[in-house]
Amino acid sequence: MSFYLNFLLISTVRRCTARSRLRSAFSLFALISVFCALLGCSDSATESTGQSELQRPKVALIMKSLANEFFVAMADGARQHHAEHSSQYDLIVNGIKDESDLTQQVALVEQMMAIGVDVIVIAPADSKALVPVLKRAVNAGIVVVNIDNQLDQSVLQQANLSVPFVGPDNRAGAKKVGDYLAKQLQPGSEVAIIAGIATAFNGQQRQAGFEDSMQQAGMKVVSVQNGDWQQAKASTITSALVNEYPNLAAVLCANDSMALGAAAVLKQAGKSEQIKLVGFDNIAAAKELLANDRLVATAEQYGGQLAVFGIDFALEILAGGQPKDKKTPVDLITKAATP
């Protein structure tokens, strides 16, 4: 077919007068283009590649602070999964400067909507504030899956919005950590809790899990303060706690970044043995604290796989699966025992 069309073009051009030759050639080129489109004359490899690119869904992963090792591990896990399944979907990874930068995270969702992604997998910095922009994404036909920090159910209901959550039971995980700590304390011991961001559901649940275990074990919770997931703020809080409560026996931190800040203060104050410390997330730096007996326990929620769980589920939904919540594992981590 290609040979015949070339022959036809050359013959026609030769028959054209000098004045009309160029105009006739252009007309015939246009005619041949139409024939090629109808008869499939295009290069098969290029056509195949173009179709696969069009068919691959675009997945946007929007996380919280990439300054937090937990979310760095999450991003790495997602990229590794994509490298192994690059023919199945395209991946865009985003994160915000710090975990309280709600405006930037909303802007990231809007940017992903603007470039036409098919899926948004998001670890929201706030359980309430992200709902309106995510509703716009869902209304635009984007599959949204919530990971890590669950969106507020009452706000979702008010917005008439359903977003599946893929993640661990943070309250149960924190209680496991608290229960292990309680075995090393005397009933009535003074303990303090450094919680996350007040409006973050996972922070609320971890605080509740710590409180459940301490109440059940008969401990005295002398202070609960929000460290906003930040190492520096947790350091400041811990310094004040050490000065205010000379009999303080333990500090329970809702993530390992805050536990790192608390650990530094306790070491400087010479209180690492007197005041026991726990965290949540099992980041690499926490493992070092565990090995050196400066951290009693933490919780493993498999951050490196959490985004992968969300991406896999979102692709299932995109292919016609049912959008319902999925619980992921959370395990107790101590110096003596890991999963």
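Computed from a predicted model, the values in this text were never measured in an experiment. (Residues numbered from 1 in each chain as written. Predicted model: local features only at pLDDT ≥ 70, side-chain atom pairs only at ≥ 80, totals over all residues. Heavy atoms only, no water.)

Draft legend 1. Summary view of the overall build of the chain. The helix and strand tally for the chain stands at 13 helices and 12 strands. Considering the chain as a whole, with its 339 residues, one finds that 48% of them fall into the buried category. Sequence-distant contacts in the chain: of pairs separated by 6 or more residues, those separated by 24 or more amount to 73%. By element, 52% of the accessible surface of the chain is carried by carbon and sulfur atoms, the whole surface being about 16,400 Å². (Helix = DSSP H or I, 4+ residues; strand = E, 2+ residues; numbered from the N terminus. Buried < 20%, exposed > 50% of the residue type's maximum accessible area, 1.4 Å probe, protein only. Contact = heavy atoms within 4.5 Å. Areas by Shrake-Rupley, 256 points an atom, 1.4 Å probe, with all protein chains shown as cover.)

Draft legend 2. Expanded view of the pairing of strand S2 (residues 90–96). Both strand S1 (residues 58–65) and S2 contribute to a ladder of six bridges, which runs parallel. Along S2, the bridge assignment pairs Val-59 with Leu-91. Crossover connection from S1 via helix H4 (residues 69–84) to parallel S2: handedness right-handed. (Pairing = 2+ DSSP bridges. Right-handed = clockwise from strand over helix to strand, strands pointing away.)

Draft legend 3. Region of the structure containing the side chain of His-81. Its location among the elements puts His-81 in helix H4. Classification of His-81 by relative accessible area gives buried; the value is 10%.

Draft legend 4. Up close: the pattern of salt bridges. Under the definition given, this model contains 11 salt bridges. Between Lys-64 and Glu-99 there is a salt bridge, with its nearest N and O atoms 3.8 Å apart. Here Lys-64, found in strand S1, pairs with Glu-99, found in the loop between S2 and helix H5 (102–114); they are 35 residues apart in sequence, far enough to count as distant. Here Arg-79 and Asp-76 are joined by a salt bridge, their closest N and O atoms 3.8 Å apart. Here Asp-76 and Arg-79 lie together in helix H4, a separation of three residues that amounts to about one turn. Salt bridges here are not isolated pairs; linked through shared partners, they connect Lys-64, Glu-99 and Asp-148. (Salt bridge = Lys/Arg side-chain N within 4 Å of Asp/Glu carboxyl O.)

Draft legend 5. Just the packing of aromatic side chains, in detail. In this structure the tally under the stated criterion is one aromatic pair. On the numbers, 5.1 Å between centres and 85° between planes, the contact of Phe-70 with Phe-71 is edge-to-face. Assessed through its relative accessible area of 4%, Phe-70 is described here as buried. With relative accessibility at 2%, the residue Phe-71 sits in the buried group. Between Arg-206 and the ring centre of Phe-280, over which it is positioned, the NZ or CZ distance is 4.0 Å. (Phe/Tyr/Trp six-rings, centres within 6.5 Å; stacked < 30°, edge-to-face > 60°. Lys NZ or Arg CZ within 6 Å of the ring centre and 35° of its normal.)

Draft legend 6. Up close: helix H9 (residues 201–217). Between the first and last C-alpha of H9 there are 24 Å, a value that for 17 residues agrees with the 24 Å anticipated at 1.5 Å per step. When we look at burial in H9, the residues that qualify are Asn-202, Gly-203, Gln-205, Arg-206, Ala-208, Gly-209, Phe-210, Ser-213 and Met-214. Against S1, helix H8 (170–182), strand S6 (190–195), strand S7 (220–226), strand S8 (248–253) and strand S9 (276–278) lie the buried residues of H9. Positive phi shows up at Gly-218, right after H9, with a value of about 80°. (Expected span 1.5 Å × (residues − 1).)

Draft legend 7. A look at the sheet that holds S2. Strand order in the open sheet formed by six strands is S2-S1-S3-S4-S5-S11, with parallel pairing between adjacent strands. For this open sheet the edge positions go to S2 and strand S11 (326–327), each flanked by a neighbour on one side alone. Inspection of the sheet shows S1 paired to strand S3 (residues 119–122) by four bridges, in the parallel sense. Its bridge partner lying in S3, Val-59 is registered against Val-119.

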